[in-house]
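# Observations on chain architecture
One-letter residues, chain by chain:
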Amino acid sequence: MSSKIDLVIFGARGDLSRRKLFPALYQLDKAELLDSSLRIAAVARQELDSTVFVEQIGEILKANLGDDWDDQVWARFRKRIDYIRIDFAEKKQFSSLKDWSNEKRTMIFYMATPPSMFGPICKHLNEAGCVDKNARIVLEKPIGHDLESSKEVNDTVGQYFTERSIYRIDHYLGKETVQNLLALRFANRMIHSQWDNSCIDHVQITAAETVGIEGRWSYYDKVGQLRDMVQNHLFQLLCMVAMEPPNKVEADEIRAEKVKLLRAMNPINQQNVDDQAVRGQYAAGWISGEPVAGYMEEEGSAADSSNTETFVALKVFVDNWRWAGVPFYLRTGKRMKEKVTQIVITYKDNPHAIFADDDAEANNRLVIRLQPNEGIQLEMVSKKQSMKERLSLEKRTLNLDFLDPQGDDRIADAYERLLLEVINGDQWLFVSRDEIEASWQWCDDLLEAWADKKVGTKPYSAGSWGPSKAEVLIENDGRSWYEV
Ligand code: BG6
């Protein structure tokens with residue numbers, strides 16, 4: 001059923017709205033994926049004339065879109081936007097939203113606000129009569145900082161919205177390559193039949209960033225990399241790599257498989273924490289020839305010392321039939337050598353070596369790159385083309401770039417896909433409450449083990465691949481991190 005949509009963005013003047021939401025909506029409009037009737041209410045607390053707000057958005061878009069800017073699209077897009085001033089704590093002011101809306105339309109409320117505002121906004125929306133059975137709400141992370149607090153957030157929002165109408169964003173699920181994992185795994189029999197512990201030696205998931213904490217010290221220092229990146233993004237990648245095939249590509253089916261996987265993850269606790277987890281914090285160093293400050297010297301740093309991790313490496317096992325015995329090595333950090341997000345599947349050795357050449361021993365590897373240069377590479381061994389040698393082998397790579405010359409000429413930003421799915425009312429790329437709780441449960445065990453054993457952070461130089469202990473974590477198993 002398609003109905004006319006009123007999209008309400010709370011926090012319309014914030015960073016997320018400017019950097020992601022408005023550009024994504026503009027691109028959707030440009031691609032003619034927005035119904036002509038769709039309207040946008042940009043809500044924030046500052047007193048501001050609507051025309052001025054729209055002009056400001058136009059300037060931001062124009063500055064950032066480069067060649068993607070199009071005067072005609074902008075002329076169409078700007079007409080959709082109305083700025084509405086509401087102080088989120090003021091119940092009475094929500095009546096202006098009710099006046100703006102139209103009862104026959106579906107309202108979507110996008111919470112680009114701190115989570116502490118979710119409760120008051122939901123309550124006031126409800127009291128103003130804006131929440132009906134068709135209304136949807138979109139929540140940005142963080143959803144809590146542990147299991148307990150995530151339940152509180154979900155309970156609060158759940159008083160006004162049913163699970164069917166709650167869209168919890170994990171922007172990694174909006175990335176083209178992440179969706180492509182479904183196609184790769186489940187549309188290719190060849191891949192699928194070899195996707196288990198009989199063929200796969202181990203899996204690596206790396207999400208390395210060159211940025212630091214980008215002026216967010218006081219927020220980040222309370223959170224750390226485990227909560228900021230692992231609990232959500234890395235675990236979602238792990239789910240997409242390791243879950244069982246869903247019966248259909250539909251929200252309930254996919255989400256049920258992800259929950260099963262998250263619940264099968266072997267905990268890291270006091271017994272195994274020293275061997276299976278590493279925490280790091282960046283010290284000063286160099287990135288791309290430029291000096292960069294250490295975490296404690298970052299702008300906003302308010303303490304003499306901090307035990308917050310900016311790097312995490314983990315060795316995780318999934319206790320089920322498919323994956324028993326296969327280690328999943330996960331690592332993520334700020335201020336690392338390169339910006340790269342990739343999944344590397346390393347296959348087992350051949351059961352018996354018949355070639356004299358060492359290269360024949362090389363394991364096949366599947367590298368799934370989320371960024372940069374989205375695509376898939378399959379490392380294989382083939383014969384060297386040469387008459388001089390009898391049968392010599394070499395490593396070759398099959399390349400599948402996602403920037404398909406036959407397809408769209410750009411890879412859409414994750415928020416474009418996610419906004420489109422919310423508008424279409426499809427939850428397949430959103431995270432369910434059960435998933436959030438299962439992943440917090442797992443992280444709580446690890447956080448407790450770190451706290452109980454007073455595990456400190458290991459320093460690493462900005463511009464490196466993390467603390468040396470992260471190398472040891474994998475080298476102890478006779479393996480090494482796959483470098484770009
Ligand atoms: C966000 C984190 O969710 O993801 C940031 O809060 C991080 O700290 C960002 O930098 C990384 O996203 P991407 O898409 O650049 O890998």
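See the structure above.
Along its length, the protein chain carries 14 helices and 17 strands. Computed over C-alpha atoms, the radius of gyration of the protein chain comes to 24 Å, within 12% of the 23 Å expected from 2.2 N^0.38 for 484 residues, which places it in the range of a compact globule. Dimensions of the protein chain along its principal axes, counting C-alpha atoms only, are 80 × 55 × 45 Å. Looking at the protein chain as a whole, 52% of its 484 residues qualify as buried. For the protein chain, the proportion of contacts with a sequence separation of at least 24, taken over those separated by at least 6, is 76%. On the protein chain, roughly 22600 Å² of surface is accessible, and the fraction owed to carbon and sulfur atoms is 46%. Side chains of the protein chain carry 62 positive and 77 negative charges; the gap between the two charge centres is 2 Å.

What follows concerns the packing of aromatic side chains. Considering all chains together, one arrives at 19 aromatic pairs under this definition. Pairing F22 with F53 gives two aromatic rings, centres 5.9 Å apart and planes at 65°, and the pair type is edge-to-face. Taken together, the positions of F22 in helix α1 (residues 15-30) and F53 in helix α2 (residues 50-65) put the pair 31 residues apart, joining distant regions of the chain. The exposure classification of F22 matches that of F53, with both residues buried. Among the aromatic side chains, those forming a connected cluster through ring pairs are W217, Y220, Y282, Y295, F311 and Y460. Taking NZ or CZ as reference, R45 lies 5.2 Å from the ring centre of F88, over its face.

A negative phi angle is the norm for most residues apart from glycine, just as the trans form is the norm for most peptide bonds. A cis amide bond links K141 with the next residue in sequence, P142, at an omega value of 0°. Summarising the element assignment, P142 is placed in the loop between β5 (136-139) and α6 (147-158). For the peptide bond that leads from Q371 to P372, omega is -10°, which places it in the cis range. Unusually for a residue other than glycine, N373 sits at a positive phi of about 50°.

Okay, the sheet that holds strand β6 (residues 166-168) next. Spatial strand order, β3-β2-β1-β4-β5-β6: six strands in an open sheet with parallel pairing. Each edge of the open sheet carries a strand with a single partner, namely β3 (81-85) and β6. Going across the sheet, the axis of each strand differs from the next one's by a mean of 20°, ignoring polarity. Across five bridges, the pairing between strand β2 (residues 39-44) and β3 is parallel. Looking across to β3, one finds that I40 is bridged to I81.

What counts, and where the lines are drawn
Residues numbered from 1 in each chain as written. Predicted model: local features only at pLDDT ≥ 70, side-chain atom pairs only at ≥ 80, totals over all residues. Heavy atoms only, no water. Helix = DSSP H or I, 4+ residues; strand = E, 2+ residues; numbered from the N terminus. Rg over C-alpha atoms; globule rule 2.2 N^0.38 Å. Buried < 20%, exposed > 50% of the residue type's maximum accessible area, 1.4 Å probe, protein only. Contact = heavy atoms within 4.5 Å. Areas by Shrake-Rupley, 256 points an atom, 1.4 Å probe, with all protein chains shown as cover. Lys, Arg positive; Asp, Glu negative; His and termini not counted. Charge placed at Lys NZ, Arg CZ, Asp CG, Glu CD. Phe/Tyr/Trp six-rings, centres within 6.5 Å; stacked < 30°, edge-to-face > 60°. Lys NZ or Arg CZ within 6 Å of the ring centre and 35° of its normal. Pairing = 2+ DSSP bridges. Axes fitted to C-alpha atoms, helices over the stretch in contact; angles between N-to-C directions.

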